[in-house]
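# Summary of structural features
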Amino acid sequence: EAMRIDSSGRLLVGTSSARSVSSLNSSLQVEGTGGDSSTISVVRNVASAAPPRVVLGKSRGSSVGSSIVVQDDDSLGEISFSGADGTDANSVAATILCKVDGTPGSNDMPGRIQFATTADGASSPTERMRINSSGVVQIQQTGVNTLRVQNSTSSGANMLFQNSTTGTSVGNGLYFGI
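Residues numbered from 1 in each chain as written. Predicted model: local features only at pLDDT ≥ 70, side-chain atom pairs only at ≥ 80, totals over all residues. Heavy atoms only, no water.

Moving on, we get to the sheet that holds strand β3 (residues 28-30). The mixed open sheet is built from 3 strands, whose spatial order is β1-β2-β3. On the outer flanks of this sheet lie β1 (3-5) and β3, each paired with one strand and no other. Along the sheet, successive strands turn relative to each other by an average axial angle of 15 degrees, direction set aside. Two strands pair when backbone bridges link them, and β1 and strand β2 (residues 11-13) are joined in this way by 3 bridges, in the antiparallel orientation. Following the sheet pairing, Arg4 is matched in β2 by Leu12. (Pairing = 2+ DSSP bridges. Helix = DSSP H or I, 4+ residues; strand = E, 2+ residues; numbered from the N terminus. Axes fitted to C-alpha atoms, helices over the stretch in contact; angles between N-to-C directions.)

What follows is the structure, encoded as structure tokens:
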């Protein structure tokens, strides 16, 4: 048996019984013991710069095929990273979440992306960083070193805030460096 469709309509590859991961019993489950048997690949062969895609979409409609407009702060998609904790695989270590960040309109979808991690001893992820619809990066952390820039080479760590799109010298903006 290479794959199975169970009585709930779930497609199971590499396993004959469905299981919960991130507290979800997904419609497509791939399970294996090696890299090849537990990997999903998407390849696009084209003579251009066009990439392959994984697309997540949301509507506020209640039927298949609906296009009811989403609202400010609606979640549009999430990537969740879970690990087995000795009991099950429902413990979430981190998430990347996309939300509506304003009022959508015809061909207008303001969005933000949020990054969350679970602290040691905690049971759920906490938002640590977000990029909002205006392009502002917010880093949320208590204590010192809210933003840490580290360079592993001998040249040291540095940051350059530029007011120009050309050049990379200190004279083009504000430079912090070691």
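Now, onward.
The next thing to look at is the layout of surface pockets. Here the largest pocket defines a volume of roughly 920 Å³. As for the largest pocket, its lining consists of 25 residues, and the residues nearest its centre are Val21, Ser26, Leu28, Ile40 and Ser80. If you list the elements that add at least two residues to the lining of the largest pocket, you get β3 and β4 (75-83). Per-element tally for the lining of the largest pocket: the top contributor is β4, with 6 residues. Grouping the constituent residues of the lining of the largest pocket by class yields 12 nonpolar, 10 polar and 3 charged. (1 Å grid on protein atoms, 1.4 Å probe; cavity = no way out; pocket = protein on both sides within 12 Å on 5 of 7 lines; lining within 4 Å. Points joined across faces, edges and corners; volume = space filled by probe spheres on them. Nonpolar A, V, L, I, M, F, W, Y, C, P; charged D, E, K, R; others polar.)

Spatially, β4-β5-β6-β7-β8 is the arrangement adopted by the 5 strands of the open sheet, whose pairing is antiparallel. If you trace the sheet from one side to the other, it starts and ends with β4 and β8 (137-139), each paired once. Across the sheet, the axes of successive neighbouring strands diverge by a mean angle of 20 degrees, strand direction being ignored. In the sheet, β4 pairs with strand β5 (residues 91-100) via 8 bridges, with the strands oriented antiparallel. Paired with Glu78 across the two strands is Leu97, which belongs to β5.

This brings us to the pattern of salt bridges. A complete count under the given rule lists 8 salt bridges for this structure. Its salt-bridge partner being Glu1, residue Arg4 comes within 3.2 Å of it at the nearest N-O pair. We classify Glu1 as exposed; its relative accessible area is 72%. Taking the shortest distance from any N to any O, the salt bridge between Arg60 and Asp74 comes out at 2.7 Å. Of this pair, Arg60 sits in the loop between β3 and β4 while Asp74 sits in the loop between β3 and β4, and the two are 14 residues apart along the sequence. The network of salt bridges with common partners includes Asp73, Lys99, Asp101 and Arg112. (Salt bridge = Lys/Arg side-chain N within 4 Å of Asp/Glu carboxyl O. Buried < 20%, exposed > 50% of the residue type's maximum accessible area, 1.4 Å probe, protein only.)

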